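Chains, contacts and geometry: an overview
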Amino acid sequence: MQASSPFLCFSLCFLVFCHGAFAQLFGFGGQSAWQSSRSFAGPRGCRFDRLDALNPTQRLRFEAGTVEYYDVYNEMLQCAGVSARRTIIEPRGLFLPQYNNAPSLLYIIQGRGIKGMTFPGCPETFQSFQPESEQILTETAESQSQQRIRDEHQKVHRFKQGDIVALPAGVTYWCYNDGDVPLVAIQVFDISNTANQLEPRQRSFFLAGRHLSGQQTYEMGPESYEAGPQAYEMERQAYGAGRQAYEAGVQPIGMAPLRGNNIFNGFDTQLLAEALGVNVELARQLQAQNDPRGEIVFVPQGLRMLRPLRSQELQQQEFEESMQAQQQFGESWQGPYNVTANGLDENFCTMKIRANIDRPSRADYYNQRVGRIARVDSQKLPILNLVQMSATRVVLQRNAMITPYWCMNCHCGMYVTQGQGRVQVVNHQGRTVFDGTVRQGQFLLIPQNFAVLKRADRLQGFHWVTFNTNQNAMINQIAGKLSTFKGMPLQVLMHSYRLSIEQARRLKFSRRNEYKLFTPRSPRTTLLDQ
């Protein structure tokens, strides 16, 4: 018995260590929604005294697409520690492999495509083998019965309009547009996340091609990519003419010099060739010193790779969405902040990286007259425990409102996908730091704890997606069901605002049957009039 005691003690300690390690790695049980893994974002002088609805300020044009950056020097974005860019990839365009110093979320505004992510240490589970006839012809030292692998790679993921895609820091990813229309996506980086140990700005590390830096910075209107196919085609033709001039040895006016290189360019060619087991000529090819195509390149014959048949992919998507719906149902009794996963259910290699928040059937709240809200957090998409971000999709019908609220544990970056609406933001001093119309294509930062009020346009409605700097964003609504006012005693409201008992009742119960999204109502309408 005494001999077994050390072994039992060791076993218990080992189990406790493993449980703690997995909980820390996957975020289960180790951190609540109230906690944050972000470092302080900006300088101590950040006060968020004035906010602006931002348009992209810089456009980089490549062979098969465009990347538009929202002002990287904007004081409010720097204070919040976030960065945003919009990417447009033409049909048969390939966004070359890269990785970033900060985690990010990607929302697909338009189109469809294929994304690959290579997690370190994960096996290449997609494999193809040579046919038996080819196998006999190409066989040398191997036996005839042994299959030879033609290609193998990690899993590729199909995505479509309305998907949120999670991208952890330091993980290589690429993207391909296999659709018939331009693929448009908005990407928001959390550069103050502790995963970023570099300077507080977004950096992309390219594994292929050369990227453009130093292109002229200019103001762009909200109709940059919405200007229509004719304007976009004119820009593409202008780029083609500039590229031909560049290949002829002439630096064209208006085209950026190719100053950025991929990571292989910095290595000695001989050492690189030896490390990769290739010849020197191939090593030079990897360095892409004479490649003028940029970050997004055109694949003339289309991209061929291993992936299941489209029907099988659709079946898999339907299965994943049904599982997601079951998880949503489970939240009704598990509680909004309870995570029941044990960390062993999913790992890097099999982890789901996307979730659709655009379908009405996926909405967390739906009102046919007012609109809908859909959110994705770490309970629905566990990889967000690694990315430590979440997202919310809101669709407001014409003239509808969203309850006044504040974000309790995160900053929120709001990108308008359709329509327009009036937004007011108020700071801790009761000062209005933003009061204006936010239109399609604009990005507005809403700081943590700042109170917000939004109303859709009378003619167009108001659709947006919010990127939150916490994997389980929490909001506190002021009016309606489950709100601050609803949770206060009438006497507290009376003495706080010097109201009569009837006025306090109107204030507390006038929106008692509405949750988050409010129907249009005249200010004169009271509870007694209904």
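Residues numbered from 1 in each chain as written. Predicted model: local features only at pLDDT ≥ 70, side-chain atom pairs only at ≥ 80, totals over all residues. Heavy atoms only, no water.

The name that an unreviewed UniProt entry assigns to the chain is Cupin type-1 domain-containing protein, with the source organism given as Rhynchospora tenuis. Heading Sequence similarities (unreviewed entry) of the UniProt record for the chain holds this comment: "Belongs to the 11S seed storage protein (globulins) family." Listed in UniProt under the heading Function (unreviewed entry), the comment for the chain reads: "Seed storage protein." (UniProt positions renumbered as here; feature names shortened; annotations may be inferred.)

Let us look at the packing of helix 9 (residues 490–497) against helix 10 (residues 501–509). How two helices sit against one another is set out by the angle between their axes and by the gap between those axes. Their axes nearest at 9 Å, the elements helix 9 and helix 10 cross at an angle of 110 degrees. Here helix 9 lies roughly perpendicular to helix 10, going by the angle between them. The handedness of the crossing between helix 9 and helix 10 comes out as right-handed. Contacts between helix 9 and helix 10 involve L490, L493, M494 and Y497 from the former and I501, A504, R505, L507, K508 and F509 from the latter. Of the residues assigned to the contact of helix 9 with helix 10, the class counts are eight nonpolar, no polar and two charged. (Axes fitted to C-alpha atoms, helices over the stretch in contact; angles between N-to-C directions. Helix = DSSP H or I, 4+ residues; strand = E, 2+ residues; numbered from the N terminus. Parallel < 35°, antiparallel > 145°, perpendicular 65-115°, else oblique. Left-handed = near helix turned anticlockwise from the far one by under 90°. Contact = heavy atoms within 4.5 Å. Nonpolar A, V, L, I, M, F, W, Y, C, P; charged D, E, K, R; others polar.)

Strand order in this open sheet of seven strands is 1-2-3-12-5-10-15, and the pairing throughout is antiparallel. Here the strands that pair on one side only, and so sit at the sheet edges, are strand 1 (56–62) and strand 15 (354–356). Strand-to-strand, the axes of this sheet are offset by a mean angle of 20 degrees, without reference to chain direction. In this structure, strand 3 (residues 82–89) lies alongside strand 12 (residues 183–190), joined through eight bridges in antiparallel fashion. Opposite I88, over in strand 12, you have V184 as the bridge partner. (Pairing = 2+ DSSP bridges.)

Among the structural elements, N55 can be located in the loop between helix 1 (4–26) and strand 1. Here the side chain of N55 touches Q442 through a polar contact of 3.4 Å, side chain to side chain. (Polar contact = N/O pair within 3.5 Å; in protein donor to acceptor, adjacent residues only side chain to side chain.)

Bringing the pattern of salt bridges into the picture now. Tallied over the entire structure, the rule returns 16 salt bridges. Between R375 and D377 there is a salt bridge, and its shortest N-O distance comes to 2.3 Å. The shortest N-O distance in the salt bridge between R422 and D435 comes to 3.0 Å. You can see R422 sitting in strand 20 (residues 412–426) and its partner D435 sitting in strand 21 (residues 432–439), a full 13 residues away along the chain. Classification of R422 as partly exposed rests on a relative accessible area of 47%. Judged by its relative accessible area of 41%, D435 is partly exposed. Each of R59, E68 and R86 takes part in a single network of salt bridges with overlapping partners. (Salt bridge = Lys/Arg side-chain N within 4 Å of Asp/Glu carboxyl O. Buried < 20%, exposed > 50% of the residue type's maximum accessible area, 1.4 Å probe, protein only.)

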